[in-house]
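Survey of secondary and tertiary structure
Take a look at the letters that make up each chain.
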Amino acid sequence: MIFSRTLLKRHSVLPGFDITLGFTLLYLSLVVLIPLSAAFLKTFTLTWPAFWEAVASPRVVASYRLTFGASFAAALLNAFFGLIIAWVLVRYQFPGKRIIDALVDLPFALPTAVAGIALTAIYAANGWIGQYLAPLGIKVSFTPLGVFVALVFIGLPFVVRTLQPVLEDLHKEVEEAAATLGASRAQTFRRVIFPILMPALLTGFALAFARALGEYGSVIFIAGNMPMISEITPLLIITKLEQYDYAGATAIAVVMLVISFVMLLLINLLQAWARRRQGGN
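From a predicted model like this one, the values you see are computed outputs, not experimental measurements.

Conventions and cut-offs
- Residues numbered from 1 in each chain as written.
- Predicted model: local features only at pLDDT ≥ 70, side-chain atom pairs only at ≥ 80, totals over all residues.
- Heavy atoms only, no water.
- Helix = DSSP H or I, 4+ residues; strand = E, 2+ residues; numbered from the N terminus.
- Buried < 20%, exposed > 50% of the residue type's maximum accessible area, 1.4 Å probe, protein only.
- Contact = heavy atoms within 4.5 Å.
- Areas by Shrake-Rupley, 256 points an atom, 1.4 Å probe, with all protein chains shown as cover.
- Core = buried A, V, L, I, M, F, W, Y, C linked by side-chain atoms within 4.5 Å.
- Polar contact = N/O pair within 3.5 Å; in protein donor to acceptor, adjacent residues only side chain to side chain.

**Focus on the overall build of the chain**
When you go through the chain residue by residue, the secondary structure sums to 14 helices and zero strands. Seen in sequence order, the chain has helices and strands lined up from the N terminus as α-α-α-α-α-α-α-α-α-α-α-α-α-α. With the C-alpha coordinates aligned to their principal axes, the bounding extent of the chain is approximately 60 × 60 × 30 Å. A total of 281 residues make up the chain; the buried ones form 36% of that total. Considering only contacts within the chain whose residues lie at least 6 apart along the sequence, 75% involve residues at least 24 apart. About 17100 Å² of surface is accessible on the chain, with carbon and sulfur atoms providing 71% of the total.

Printed below as a string of structure tokens:
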């Protein structure tokens, strides 16, 4: 053990542990800890009644409900269809596969404002898709449904790109062995494939959910931004900043931060449990 540590230290490409740890903590402090601490410190300038009024007014609560609800629903939908898309891209060969694979990354490369304008135009009452939905009484643009559509659009790549490496390492021999033992396709997927994919699927879900919570550019165009109906929390924070209500803006941001952290912590704990269960099996 001592020899292996000495060998690792001797042949380490990066500088020693003390230097790299120092750079790591410095970078995280500048990028993450100091900005978050500033938000908390600004919020602490409010009295408790003022804080509660800023974060619990009916308009703010309605924005929480839309932001967290739409983000969670979009992440769930992306988890389902992202698994299917990743499976098709990894397991099958077909014409145009490279094009579809590249299109998955389009939300990464496309500016969010451009995505919002494009989605609004497509799903408007006279848009390419909206003109067929309007006669059915389905209105997408300028409604909460539009927020959901935008969050699905920006979150899908996180699930697909998280699952693809796991599927590529999952050889078909595993399915063939299960079939040899008499398992049906459903049993093979439920008892063999899905437990292996579950940690990566939860990771993709968490990434899509976290990305959707803070999304702004692609949502404000298609949402309509009507208070109590289709107003997201990030827009409400921007509105308070424009009104020079910095303490109120940071108060709402702190509430979102705490709730997001708790939800992501629960998802990570579930992911760790899934990995331990998979390792135990």
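**Focus: helix H13 (residues 233-242)**
Judged by how many residues are buried, H13 sits mostly within the fold: seven of 10 residues are covered. Taken together, the buried positions of H13 are Thr233, Pro234, Leu235, Leu236, Ile237, Thr239 and Lys240. At the C-terminal side of H13, Tyr244 shows a positive phi close to 65 degrees.

**Observations concerning the nonpolar core**
Val55, Tyr64 and Leu163 are the most contacted members of the largest nonpolar core, which has 37 residues in total. Secondary structure elements with two or more residues in this core: helix H3 (48-55), helix H4 (58-91), helix H9 (144-169), helix H11 (185-213), H13 and helix H14 (246-280). The element that contributes the greatest number of residues to this core is H4, accounting for 10 residues. When neighbours within four sequence positions are excluded, Val55 is seen to be in contact with Val60, Tyr64, Ala251, Ile252 and Val255. If you look at the next biggest cluster of nonpolar residues, it comprises 16 residues, including Leu66, Ala70, Ala74 and Ala150.

**Points about the side chain of Arg91**
Examined against the element boundaries, Arg91 turns out to sit in helix H4. The exposure class of Arg91 is buried, given its relative accessible area of 11%. A polar atom in the side chain of Arg91 sits 2.9 Å from the backbone oxygen of Leu170. Ignoring sequence-local partners within four residues, the contact set of Arg91 consists of Leu167, Leu170, His171, Lys172 and Glu175.

**A short note on the environment of Ala200**
Looking at the element boundaries, Ala200 is found in helix H11. Exposure remark for Ala200: the relative accessible area of 9% places this residue in the buried category. Setting aside residues no more than four positions away along its own chain, Ala200 makes contact with Thr162, Leu163 and Val166.

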